[in-house]
Amino acid sequence: MDISYILNELGEDRSQYFNAVAPPIVQTSNFAFDTFEELRNAFANEDSNFLYSRGNNPTVDILSKKLAALDGAEDALVFNSGASAIYCSVMANIKSGDHIISVQKPYSWATRLFDNILPRFGVQTTYIDGTKIENFENAIRPETTVIYLETPNTLTFELQDLRAVAELAKSRGIITIVDNSYCTPIYQKPHALGIDLSLQSGTKYLGGHSDVLAGVLTGSKEMLKRIFNEQLLNTGSGISPFNAWLILRGLRTLPMRLEHISKSTQKVISYLKNHPKIEKVIFPFDEDFPQLELAHRQMFGACGLFTILLKANSLDQIELFTYSLKHFLVAVSWGGHESLIMPQAAALTPEIFDANNEQHRLARIYIGFEDPDYLIKDFEQALEILI
Ligand SMILES: *Cc1c(COP(=O)(O)O)cnc(C)c1O
């Protein structure tokens, strides 16, 4: 399906709302019925009817049609955060006694689900280095029901070979879930490679302006109907009409934002790679990236997140450098208009900081919509601070 059609037309029936160009925010909790038959039908199939906005809502429905098509999936569910998309997709596919295989260091709230919540219900998780397919194979047990992936991850950018993992999982009857937040469906299409469920934090690139939280889950109609009925309705974690409207607005410009950010990020990286105060740049499309071949094989692009290894010998130095940057905000998250920096050292105390530990000198950078030369100049003056 043509991406221009998906972003501009699909799901939009303007004759239903005064030929308004922008779809309405249908800000209602409730829907009324003219006949018992219609009401009965809505009870039986809440996912495809408008009964109550904890389930489906017309503004949300337009958005989910577009998101399913973007991913080349049969269906999509839209959540009020990426974290709830993670929670619901995992919970829907496990029962007591089951086993999960997860890539090491997945998104922090996936880790908390696996480590803090699921063990209470008899579900164990094994973390593996996902860069090697043998590691998945060796970790599989008779009771493994879910393989949880995140490719690339958003600090060190390790990749998993989605086609190979999907093939292995299918042959053993295991469900695969991937966090595709970094690439979005514009730069990676997990379903085409055989993955069962693809999720994203819509808070990042889909919204794109740091003003809305959202989560997306795509997959087969059958699987998503079950997740809708069991998980989304029970947790009340569907997106609100207004937030769905903001994501719809963000989607219109998604391809051009990613294109701009990809280009400016490359330019900033080229500058940083040659800087004497930077030991290393970690980025999936960098020529020194260990999994570059795989990155080119399964990703159509790489965006605005990368990590630098600073040459620094104290935590103070890293803090001074960080706050010498005038155009980078120190903040979590990413995917918006504004450039960001998040040094790993920010989580440490001076006593714990060890300059010999590379992990302590990593800083994640996010490039927003700013002109790359404007950001390079900022780096130029801030890097003077380091020895
Ligand atoms: C932000 C993020 C999430 C969680 O999304 P929220 O919308 O913040 O709940 C999940 N995965 C990745 C990779 C993220 O960056």
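Whatever comes next refers back to the structure up there.
Quick caveat: nothing in here was measured; it's all calculated off a predicted structure.

Trainee: Lay out the environment of A331 in plain terms, naming residues and giving numbers.
Mentor: Mapped onto the secondary structure, A331 falls in the loop between β10 (329-330) and β11 (340-343). Sequence-wise, A331 and K277 are 54 residues apart; in three dimensions their C-alpha atoms are separated by 23 Å. Residue contacts for A331: discarding those within four places in its chain leaves L340, I341 and M342.

Trainee: Which residues make up the site of the ligand, and what values do they have?
Mentor: Among the 15 residues in the neighbourhood of the ligand, the closest are listed as G82, A83, D179, T203 and K204. One nitrogen or oxygen atom from the side chain of D179 is found 2.6 Å from a nitrogen atom belonging to the ligand. K204 has a polar side-chain atom sitting 2.6 Å from an oxygen atom of the ligand. Burial of the ligand by the protein chains amounts to 92% of its free accessible area of 380 Å². Tallying contributions element by element places helix α4 (residues 82-91) first for the shell around the ligand, with three residues. Partitioned by chemical class, the residues of the shell around the ligand number six nonpolar, six polar and three charged.

Trainee: Outline the packing of helix α10 (residues 241-252) against helix α11 (residues 254-273), supporting the account with residue identities and numerical values.
Mentor: Helices that pack against each other are described as a pair by the angle of their axes relative to one another and the distance between those axes. Packing of α10 against α11 leaves a shortest axis separation of 5 Å and a crossing angle of 55 degrees. One finds that α10 runs oblique with respect to α11. When α10 is examined against α11, the residues G250, L251 and R252 are found in contact with a partner set consisting of L254, P255, M256 and R257. Counted by class, the contact of α10 with α11 contains four nonpolar, one polar and two charged residues.

Trainee: Any details on the pairing of β11? Residues and values, ideally.
Mentor: In this sheet, β11 lies alongside β10 in parallel orientation, the contact comprising two bridges. Paired with V330 across the bridge in β11 is I341. Here β11 pairs with strand β12 (residues 362-366) via four bridges, running antiparallel. Across the sheet, the residue bridging to P343 is A363, located in β12.

Trainee: Any details on the pattern of salt bridges? Residues and values, ideally.
Mentor: Opposite charge on two side chains permits them to pair, given that their charged atoms come into close proximity. Applying the stated criterion to the full structure yields 19 salt bridges. For D61, the salt bridge is made with K65, and the minimal N-O distance between the two is 2.7 Å. One end of the pair is D61 and the other is K65, both in helix α3 (residues 58-70) and four residues apart, which spans about a single turn. Between R226 and E230 there is a salt bridge, and its shortest N-O distance comes to 3.8 Å. A residue pair is termed a helical-turn pair when its members lie 3 or 4 positions apart in one helix, as R226 and E230 do in helix α9 (residues 221-235) at four residues. A residue is classified by how much of its surface remains accessible, and E230, at 38% relative accessible area, is partly exposed.

Trainee: So, the sheet that holds strand β3 (residues 124-128): which residues are in play, and what are the values?
Mentor: Read across the sheet, seven strands follow the order β1-β7-β6-β5-β4-β2-β3 without closing on themselves; strand pairing throughout is mixed. Single-partner strands in this sheet number two, and they are β1 (75-79) and β3. Averaged over all adjacent pairs, the angle separating strand axes in this sheet is 20 degrees, with direction ignored. Where β1 lies against strand β7 (residues 215-219), five bridges are found, and the strand directions are antiparallel. Residue pairing in the sheet places D75 in a bridge with G219 of β7. Contacting β1, β2 (99-103), β4 (144-150), β5 (175-179), β6 (197-201) and β7, α4 crosses the sheet at an angle of about 160 degrees to β6.

Analysis parameters
- Residues numbered from 1 in each chain as written.
- Predicted model: local features only at pLDDT ≥ 70, side-chain atom pairs only at ≥ 80, totals over all residues.
- Heavy atoms only, no water.
- Helix = DSSP H or I, 4+ residues; strand = E, 2+ residues; numbered from the N terminus.
- Contact = heavy atoms within 4.5 Å.
- Near = heavy atom within 4 Å.
- Polar contact = N/O pair within 3.5 Å; in protein donor to acceptor, adjacent residues only side chain to side chain.
- Areas by Shrake-Rupley, 256 points an atom, 1.4 Å probe, with all protein chains shown as cover.
- Nonpolar A, V, L, I, M, F, W, Y, C, P; charged D, E, K, R; others polar.
- Axes fitted to C-alpha atoms, helices over the stretch in contact; angles between N-to-C directions.
- Parallel < 35°, antiparallel > 145°, perpendicular 65-115°, else oblique.
- Pairing = 2+ DSSP bridges.
- Salt bridge = Lys/Arg side-chain N within 4 Å of Asp/Glu carboxyl O.
- Buried < 20%, exposed > 50% of the residue type's maximum accessible area, 1.4 Å probe, protein only.

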